[in-house]
Amino acid sequence: MVRTPLTPEERERGERLGRLLREARGERSMTEVAANAGLSAETLRKIETGRAPTPAFFTVAALAGALGLSLDEVLTRCAPVPA
């Protein structure tokens, strides 16, 4: 399966998501947060660093729950910046 290249907007959104997750994680370890979300630490690392800029909805929802973020906050902070 060949994946369609991401647009610059999708990459930027992924970078905003990664920043938000890093900020919300604070001093907690990746391993701790990932385990609480039911994910691997490597998956969280890829999302935080932008190497996985378009994670599945349920992955984002699980991370938001583990970090005490509402999905509304995630959407607001990661939505495209209006031109």
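An account of the accompanying structure is given in this report. Values in this document were obtained by computation on a predicted structure and should not be read as measured data. (Residues numbered from 1 in each chain as written. Predicted model: local features only at pLDDT ≥ 70, side-chain atom pairs only at ≥ 80, totals over all residues. Heavy atoms only, no water.)

Here we take up the environment of Glu 73. Checked against the element boundaries, Glu 73 lands in helix H5 (residues 71-78). When the C-alpha atoms of Glu 73 and Leu 20 are compared, they prove to be 9.7 Å apart, with 53 residues separating the residues in sequence. (Helix = DSSP H or I, 4+ residues; strand = E, 2+ residues; numbered from the N terminus.)

The next subject is a nonpolar patch on the surface. A cluster of nonpolar residues, Phe 57, Phe 58 and Leu 71, forms a patch on the protein surface that exposes about 370 Å² of accessible area. Inspection of the secondary structure puts Phe 58 in helix H4 (residues 57-67). (Patch = residues over 30% accessible without salt bridge, like charges linked within 9 Å, V, L, I, M, F, W, Y side chains within 5 Å. Areas by Shrake-Rupley, 256 points an atom, 1.4 Å probe, with all protein chains shown as cover. Salt bridge = Lys/Arg side-chain N within 4 Å of Asp/Glu carboxyl O.)

Moving on, we get to the packing of aromatic side chains. What the rule picks out here adds up to 1 aromatic pair. Pairing Phe 57 with Phe 58 gives two aromatic rings, centres 5.2 Å apart and planes at 80 degrees, and the pair type is edge-to-face. Each member of the pair, Phe 57 together with Phe 58, is exposed. (Phe/Tyr/Trp six-rings, centres within 6.5 Å; stacked < 30°, edge-to-face > 60°. Buried < 20%, exposed > 50% of the residue type's maximum accessible area, 1.4 Å probe, protein only.)

This part is about the nonpolar core. A general feature of soluble globular proteins is that nonpolar side chains tend to end up buried together. Counting residues in each nonpolar core, the largest one holds 17 residues, and the members touching the most others are Leu 17, Leu 21, Leu 44, Leu 63, Leu 69 and Val 74. Only helix H1 (8-25), helix H2 (30-37), helix H3 (41-49), H4 and H5 provide two or more residues apiece to this core. Examining the composition of this core, we find that 5 residues originate from one element, H4, more than from any other. If sequence neighbours within four positions are ignored, Val 74 has contacts with Leu 17, Leu 20, Val 60, Ala 64 and Leu 69. (Core = buried A, V, L, I, M, F, W, Y, C linked by side-chain atoms within 4.5 Å. Contact = heavy atoms within 4.5 Å.)

Further remarks concern the packing of H2 against H3. Running from N to C, H2 and H3 cross one another at 105 degrees; their axes reach a closest spacing of 8 Å. With respect to each other, H2 and H3 are oriented roughly perpendicular. Taken together, the residues of H3 that come into contact with H2 (itself represented by Met 30, Thr 31, Val 33 and Ala 34) are Ala 41, Leu 44, Arg 45 and Glu 48. A class-by-class count of the residues in the contact of H2 with H3 yields 5 nonpolar, 1 polar and 2 charged. (Axes fitted to C-alpha atoms, helices over the stretch in contact; angles between N-to-C directions. Parallel < 35°, antiparallel > 145°, perpendicular 65-115°, else oblique. Nonpolar A, V, L, I, M, F, W, Y, C, P; charged D, E, K, R; others polar.)

Here we come to H2. Among all positions in H2, only Met 30, Val 33, Ala 34 and Ala 37 are buried. Around the axis of H2, the buried residues are gathered within 100 degrees of arc, so they sit on the same side. For H2, the exposed residues set more than 90 degrees away from the buried face come down to Thr 31, Ala 35 and Asn 36. Residues of H2 that are buried in the fold lie against H1, H3 and H4. Where H2 ends, the next residue or the one after it, Gly 38, has phi of about 80 degrees, a positive value. (Arc of directions from axis to C-beta.)

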